[in-house]
Amino acid sequence: MKFFVDTADTADIRELAATGLLDGVTTNPTLIHKSGRKFMEVVEEICGIVDGPVSAEVVALDHETMMKEAEILRKIADNVCIKVPLTIDGLKTCKALTDDGTLVNVTLCFSANQALLAAKAGASFISPFVGRHDDNGFDGLKLIEDIRLIYDNYQFDTEILAASLRHPIHVLECAKIGADVITAPPAVIKMLSKHVLTDKGLEGFAADWAKTGQTIL
Ligand code: G3P
């Protein structure tokens, strides 16, 4: 399973990339706004931190303008992945870009039928929003399950990029279902390493080690 971080905060990205566990980055217009930085400049910096795909989202709603925006974004670096919305114009843009060898992440996916269309459009990644699905009274994880089943039925190469993950249980369940990639905020990724018994165990070992009066170095 690949781990992407969902942020445009380059300090957080550097910290996670240094662990060697980070496979890519996803951004969206909200995260760019939160960073307070220029879109192109921050994407370029992120592309220099990680080797894997860095999603940069178009903001136009029509195919022609999306293509023009994508043209500018994909010149930033070889690892830029163009993010397009799950609309007919977005799917058309996805098809044109992937036919041309560009990585495309189709975002704002809230149904398995939408995911089916994205796979047919040759998407590199489909981003179903688990948390936002839950927020609206639907079962976000069931959506991941349905997409997994459909993609396996037809051996689609499109990778399921589970997005809008809010807590470690989302990550765990996505791993059990077989999502190809998860993207989550830095805090959620860091939480995966935490366990109260790990902390307690460490405290105990440190206290007993001190009693031995020994050192390793
Ligand atoms: O980047 C897309 C997605 O991960 C957004 O998550 O928490 O704003 O629903 P959230």
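Rules used throughout
- Residues numbered from 1 in each chain as written.
- Predicted model: local features only at pLDDT ≥ 70, side-chain atom pairs only at ≥ 80, totals over all residues.
- Heavy atoms only, no water.
- UniProt positions renumbered as here; feature names shortened; annotations may be inferred.
- Phe/Tyr/Trp six-rings, centres within 6.5 Å; stacked < 30°, edge-to-face > 60°.
- Helix = DSSP H or I, 4+ residues; strand = E, 2+ residues; numbered from the N terminus.
- Buried < 20%, exposed > 50% of the residue type's maximum accessible area, 1.4 Å probe, protein only.
- Contact = heavy atoms within 4.5 Å.
- Polar contact = N/O pair within 3.5 Å; in protein donor to acceptor, adjacent residues only side chain to side chain.
- Near = heavy atom within 4 Å.
- Areas by Shrake-Rupley, 256 points an atom, 1.4 Å probe, with all protein chains shown as cover.
- Nonpolar A, V, L, I, M, F, W, Y, C, P; charged D, E, K, R; others polar.

Per an unreviewed UniProt entry, the chain goes by Probable transaldolase and derives from Sphingobium soli. Under the UniProt heading Subcellular location (unreviewed entry), the entry covering the chain gives this text: "Cytoplasm". Checking UniProt for the chain, the heading Pathway (unreviewed entry) contains the comment "Carbohydrate degradation; pentose phosphate pathway; D-glyceraldehyde 3-phosphate and beta-D-fructose 6-phosphate from D-ribose 5-phosphate and D-xylulose 5-phosphate (non-oxidative stage): step 2/3."

Peer 1: How should I be thinking about the packing of aromatic side chains in this particular structure?
Peer 2: The way to describe two aromatic rings as a pair is by their centre distance and the angle between their planes. With the rule as written, the count across this model stands at 4 aromatic pairs. Ring plane angle 70 degrees and centroid distance 5.7 Å describe the contact between phenylalanine 4 and phenylalanine 125, whose orientation is recorded as edge-to-face. A residue pair is termed long-range when its members are at least 10 positions apart, and phenylalanine 4 in strand β1 (residues 2-6) and phenylalanine 125 in strand β6 (residues 125-128) qualify at 121 residues. Measuring from centroid to centroid gives 6.1 Å for tyrosine 154 and phenylalanine 156, while their planes differ by 45 degrees, and the two rings are tilted.

Peer 1: I keep staring at the environment of asparagine 28 and nothing clicks. Help me out?
Peer 2: With respect to the element layout, asparagine 28 can be found in the loop between β2 (24-26) and α2 (29-35). On the basis of relative accessible area, asparagine 28 is assigned to the buried category, the value being 14%. In this structure the C-alpha to C-alpha distance between asparagine 28 and threonine 107, which are 79 residues apart in sequence, comes to 9.4 Å. In this structure asparagine 28 touches Glu57 and Lys83, once residues within four positions along its chain are discounted. A polar atom in the side chain of asparagine 28 sits 2.8 Å from the backbone nitrogen of leucine 31.

Peer 1: So what exactly am I meant to see when it comes to the site of the ligand here?
Peer 2: Around the ligand, the surrounding shell consists of Asp6, Asn28, Lys83, Phe129, Arg132, Ala163, Ser164 and Arg166. At 2.6 Å from an oxygen atom of the ligand is found a side-chain nitrogen or oxygen belonging to aspartate 6. Between the ligand and arginine 132 there is a distance of 2.6 Å, counted from an oxygen atom to a side-chain nitrogen or oxygen. Alone, the ligand offers 310 Å² of accessible surface; in the complex the protein occludes 82% of this. Grouping the amino acids of the shell around the ligand by side-chain chemistry returns 2 nonpolar, 2 polar and 4 charged.

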